[in-house]
Amino acid sequence: MQLVDTHVHINFKDFQADLELVRDRWLSNGVTKLVHSCVSPDEFEQIQAIADQFPEVSFAVGLHPLDEQLNTDGWNPEVGDRIKALALSDQRVVAIGETGLDFFKSDSKSAQIEAFKSQLRTARSLNLPVIIHSREASESTREVLQEINAESPESPICGVMHCWAGSPEETQWFVDLGMHISFSGVVTFKNAHNLHESAKIVPSDRLLVETDCPFLAPVPKRGKRNEPAYVLHVAESVAKLRNVELSELAEQTTSNAIALFKLKD
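Keep in mind that this is a model prediction, so the values were computed, not measured.

A. Representation of the side chain of Ser 138. By the secondary structure assignment, Ser 138 is in helix 6 (residues 138-151). Taking the relative accessible area as the measure of exposure, Ser 138 reaches 12% and is therefore buried. Setting aside residues up to four positions removed in sequence, Ser 138 forms contacts with Trp 164, Glu 170, Trp 173 and Phe 174.

B. Summary view of the nonpolar core. Val 61, Phe 174 and Phe 183 are the most contacted members of the largest nonpolar core, which totals 72 residues. For this core, the element with the most residues is helix 9 (residues 231-242), which contributes six residues. Apart from residues lying up to four places away in sequence, Phe 174 is in contact with Ser 138, Thr 141, Arg 142, Leu 145, Met 161, Trp 164, Met 179 and Ile 181. Formed by 12 residues, the second largest nonpolar core is a distinct cluster that contains Val 4, Val 160, Leu 208 and Phe 261.

C. Summary view of the side chain of His 233. With respect to the element layout, His 233 can be found in helix 9. For His 233, a relative accessible area of 17% puts it in the buried group. Those residues within four positions of His 233 in sequence are excluded, and the remaining contacts are Thr 188, Pro 218, Val 219, Pro 220 and Lys 221.

D. Representation of the environment of Ala 87. Along the chain, Ala 87 turns up in helix 4 (residues 77-89). Once residues within four sequence positions are removed from consideration, Ala 87 is found in contact with Val 61, Val 93, Ile 96, Leu 126 and Leu 128.

E. Just the sheet that holds strand 8 (residues 207-209), in detail. Overall, parallel pairing links the eight strands, which are arranged 1-2-3-4-5-6-7-8 in an open sheet. Each end of this open sheet is capped by a strand with a single partner; those strands are strand 1 (3-8) and strand 8. Adjacent strand axes in the sheet meet at a mean angle of 30°, parallel and antiparallel pairs treated alike. Summarising the sheet, strand 5 (residues 130-135) and strand 6 (residues 159-161) pair through three bridges and their orientation is parallel. Across the sheet, residue Ile 132 finds its bridge partner in strand 6, namely Met 161.

F. Spotlight on the packing of aromatic side chains. On inspection of all chains with the given rule, the structure shows four aromatic pairs. For the ring pair Trp 26 and Phe 54, a centre distance of 5.6 Å and an interplane angle of 85° mean the geometry is edge-to-face. Within this pair, whereas Trp 26 is found in helix 1 (residues 19-28), its partner Phe 54 is found in the loop between helix 2 (44-53) and strand 3 (57-61), the two being separated by 28 residues in sequence. Each member of the pair, Trp 26 as well as Phe 54, carries the same accessibility label: buried. Between Trp 164 and Phe 174, the aromatic rings sit 5.4 Å apart at their centres with planes inclined by 75°, giving edge-to-face as the arrangement. You can see Trp 164 sitting in the loop between strand 6 and helix 7 (168-176) and its partner Phe 174 sitting in helix 7, a full 10 residues away along the chain. This pair shows no difference in class: Trp 164 is buried, exactly as Phe 174 is. Sitting over the ring of Phe 189, Arg 222 keeps its end group 3.6 Å from the ring centre.

G. Spotlight on the pattern of salt bridges. On inspection of all chains with the given rule, the structure shows 13 salt bridges. Its salt-bridge partner being Glu 56, residue Arg 23 comes within 2.8 Å of it at the nearest N-O pair. Here Arg 23 is found in helix 1, whereas its partner Glu 56 is found in the loop between helix 2 and strand 3, with 33 residues between them in sequence. By relative accessible area, Glu 56 is classed as buried at 11%. Among the ionic pairs, Asp 90 bridges to Arg 92, the shortest N-O distance being 2.9 Å. Residue classification places Asp 90 among the buried positions, given a relative accessible area of 10%. Taken together, the shared-partner salt bridges connect Asp 18, Arg 25, Arg 225 and Glu 227 into one network.

H. Inspection of the pairing of strand 2 (residues 31-36) at higher detail. Burial analysis of strand 2 places five of its six residues in the buried class, the great majority of the element. Examined bridge by bridge, strand 1 and strand 2 share four bridges and lie parallel to one another. Paired with Val 4 across the strands is Lys 33, a residue of strand 2. Read from strand 1 through helix 1 to strand 2, the crossover connection turns out right-handed. By the bridge criterion, three bridges tie strand 2 to strand 3 in an arrangement that is parallel. In the sheet register, Leu 34 faces strand 3, and the bridge partner there is Val 57.

Thresholds, definitions, all that
Residues numbered from 1 in each chain as written. Predicted model: local features only at pLDDT ≥ 70, side-chain atom pairs only at ≥ 80, totals over all residues. Heavy atoms only, no water. Helix = DSSP H or I, 4+ residues; strand = E, 2+ residues; numbered from the N terminus. Buried < 20%, exposed > 50% of the residue type's maximum accessible area, 1.4 Å probe, protein only. Contact = heavy atoms within 4.5 Å. Core = buried A, V, L, I, M, F, W, Y, C linked by side-chain atoms within 4.5 Å. Pairing = 2+ DSSP bridges. Axes fitted to C-alpha atoms, helices over the stretch in contact; angles between N-to-C directions. Phe/Tyr/Trp six-rings, centres within 6.5 Å; stacked < 30°, edge-to-face > 60°. Lys NZ or Arg CZ within 6 Å of the ring centre and 35° of its normal. Salt bridge = Lys/Arg side-chain N within 4 Å of Asp/Glu carboxyl O. Right-handed = clockwise from strand over helix to strand, strands pointing away.

What follows is the structure, given as structure tokens:
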């Protein structure tokens, strides 16, 4: 059985002391590929170095909606140019992101939207999927995607709603827009009833799993540092919710991840 963790942040300081051991555990749990997300182009060389060390790691480049620059200075188009140049500089770049909208604790809505639109256009121009972060912003995220898709109806945006926590209605919005939906450790939480229902309705060919480590460790590891090995617990929970065997869920989500991100052996 193989699994792909489609969203990790193993460059964070949480992993500095024991990354080799963390890798041993993800391999032991059948995690054969990882997609490393990027919260700022300043991380790019650091993430490249991890991919040099671990060939199962592919990665993205982008700017997170809660980046301090957006709060203080707004969106700088030169950052968009840098993201595009970095994406072109390394064939292991498999996505643009993470980008998106986060209105939970930010006053930079207009700057976020501008940055999001720019990165969506970059993803389309490079024929890459986009990794989308959306928190307390589902309606605005949908509106931006609809607007960008309307610019080039023949080339709709493809990508993933990462660490998804939306309602079934919101889930259907993004499925209808052609997006993949990725579930994290939140889906293992007992009281996440809306999300449990969302996990049941995603078409099999749009389903992904992730950890978003080091955040949001799943049950039974909740409260600890999250790590890629724990994507197994996410897959187990989603399989149970969908009433399928874990092996079937693993095979489907692995196939989906390889197809969306064009992951190489």
